[in-house]
Amino acid sequence: MAHHVLILCTHNSARSALAEAMLNHWALRLARPIQAHSAGSAPSGRTNPHALSVLQRAGVDVRGLRSKSWDEFARPDAPRLDAVITVCDSAAAETCPIWPGAPVQVHWGYPDPSNAPEGQREQAFELTRQALGYRMLQLLDLPWERLDAPQRRAALIEIAAR
């Protein structure tokens, strides 16, 4: 049984897209039954070209990566979610829809690499990709099959504190 993790950021163009791609990349390579999704409350309609660039350079498959509304994951036919992780402060402050599966919700804040000066933006995206990738490896190391919701939430909060 696959566990579904939804990663949120307001525009779903940079941080949440990077996190989705990195979690799916590592889950596939490590043969872990985790499926990442990402979305935003006000999706931009595109994935940031810098995000796509750093992912491709790292050998991460970006096919299918797109900016999505969180409404896609609040429908009755949406995947049953096990966790919802916000990666930007504005998304964390918003009132989220009711998610199928009553997932645990945690916040892992990251600065927006899009705000870096243009000459440093590619490096900012690469550093954000690396930081998110490392945290996604920690998430994959959790014994998802044995954790109930309170234990899962505590484990995700602990990862954020490291």
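This text goes with the structure placed above it.
None of the values given here were measured: they were computed from a predicted structure.

Colleague: Explain the overall build of the protein here, please?
Modeller: Scanning the protein from N- to C-terminus turns up five helices and four strands. Radius of gyration (C-alpha) of the protein: 15 Å, near the 15 Å computed for a compact globule of 162 residues. Along the three orthogonal principal directions, the C-alpha set of the protein runs to about 45 × 30 × 30 Å. Residues classed as buried in the protein amount to 51% of the 162 residues present. Within the protein, contacts between residues at least 6 apart in sequence are counted, and of these 70% link residues at least 24 apart. Total accessible area on the protein stands at roughly 7,900 Å², and carbon and sulfur atoms take up 53% of it.

Colleague: Got a minute to help me understand the packing of aromatic side chains in this structure?
Modeller: Geometrically, a pair of aromatic rings is defined through the distance of the ring centres and the angle of the planes. All chains considered together, the criterion is met by one aromatic pair. Summarising the aromatic geometry, the rings of W70 and W99 are spaced 6.0 Å apart at their centres and angled 75 degrees between planes, so their arrangement reads as edge-to-face. One end of the pair, W70, is in the loop between α2 (49–57) and β3 (81–86); the other, W99, is in the loop between α3 (89–93) and β4 (104–107), and 29 residues separate them in sequence. Across the ring face of W108, the terminal group of R135 is positioned such that the distance to the ring centre comes to 5.1 Å.

Colleague: Whenever I open this one, the layout of surface pockets confuses me. Can you help?
Modeller: Empty space among the atoms becomes visible once a probe the size of a water molecule is rolled across them. Estimated volume of the largest pocket: approximately 310 Å³. Around the largest pocket, the lining comprises 18 residues; the ones closest to its centre are A21, N24, H25, D61 and R63. Elements with a minimum of two residues in the lining of the largest pocket: α1 (15–29) and β2 (34–39). Top contributing element to the lining of the largest pocket by residue count: α1, with six residues. Its residues placed into classes, the lining of the largest pocket shows six nonpolar, six polar and six charged.

Colleague: Explain the environment of R63 to me, please; I cannot follow it from the model alone.
Modeller: Relative to the helices and strands, R63 is located in the loop between α2 and β3. Expressed as a C-alpha distance, the spacing of R63 and S13, which sit 50 residues apart in the sequence, is 14 Å. There is a polar contact of 2.8 Å between the side chain of R63 and the side chain of D61.

What counts, and at which threshold
- For every chain, the first residue of the written sequence is number 1, and numbering continues from 1 along that sequence.
- Local features are withheld for residues below a pLDDT of 70 in this predicted model, meaning they are given only at 70 or higher, and side-chain atom pairs are given and counted only at 80 or more; totals for whole chains, interfaces and linings count all residues.
- Excluding hydrogens and water, the side-chain values take into account all heavy atoms of the structure.
- Note on conventions: DSSP H or I runs of at least 4 residues are helices, E runs of at least 2 residues are strands, and numbering of each starts at the N terminus.
- The atom set for the radius of gyration is the C-alpha atoms, and the globule formula is 2.2 Å times the number of residues raised to the power 0.38.
- To sort residues, take the accessible area from a 1.4 Å probe on protein chains only and compare it with the maximum for the residue type: under 20% means buried, over 50% means exposed, and anything in between is partly exposed.
- Throughout, a contact is declared for two residues whenever any of their heavy atoms are within 4.5 Å.
- Each accessible area value is a Shrake-Rupley result obtained with a 1.4 Å probe; residue values ignore everything except the protein chains displayed when judging cover.
- Working definition: rings of Phe, Tyr and Trp (its six-membered ring) pair if their centres are within 6.5 Å, and the pair is stacked with planes under 30 degrees apart, edge-to-face with planes over 60 apart, and tilted otherwise.
- To sit over a ring, a charge needs its Lys NZ or Arg CZ within 6 Å of the ring centre and within 35 degrees of the ring normal.
- Of the two site types, the cavity is a set of points on a 1 Å grid over the protein atoms alone where a 1.4 Å probe fits but cannot get out, and the pocket is an open set with protein on both sides within 12 Å along at least five of seven lines, each lined by residues with an atom within 4 Å of a point.
- Grid points are joined across faces, edges and corners, and a volume is the space filled by probe spheres set on the points.
- Residues are grouped as follows: Ala, Val, Leu, Ile, Met, Phe, Trp, Tyr, Cys and Pro are nonpolar; Asp, Glu, Lys and Arg are charged; every other residue, Gly included, is polar.
- By the criterion applied in these results, polar contacts are pairs of N or O atoms within 3.5 Å in which, for protein atoms, one can donate a hydrogen and the other can accept it, and in which residues neighboring in sequence qualify only through two side-chain atoms.

The analysis is restricted to geometry; functional conclusions fall outside its scope.
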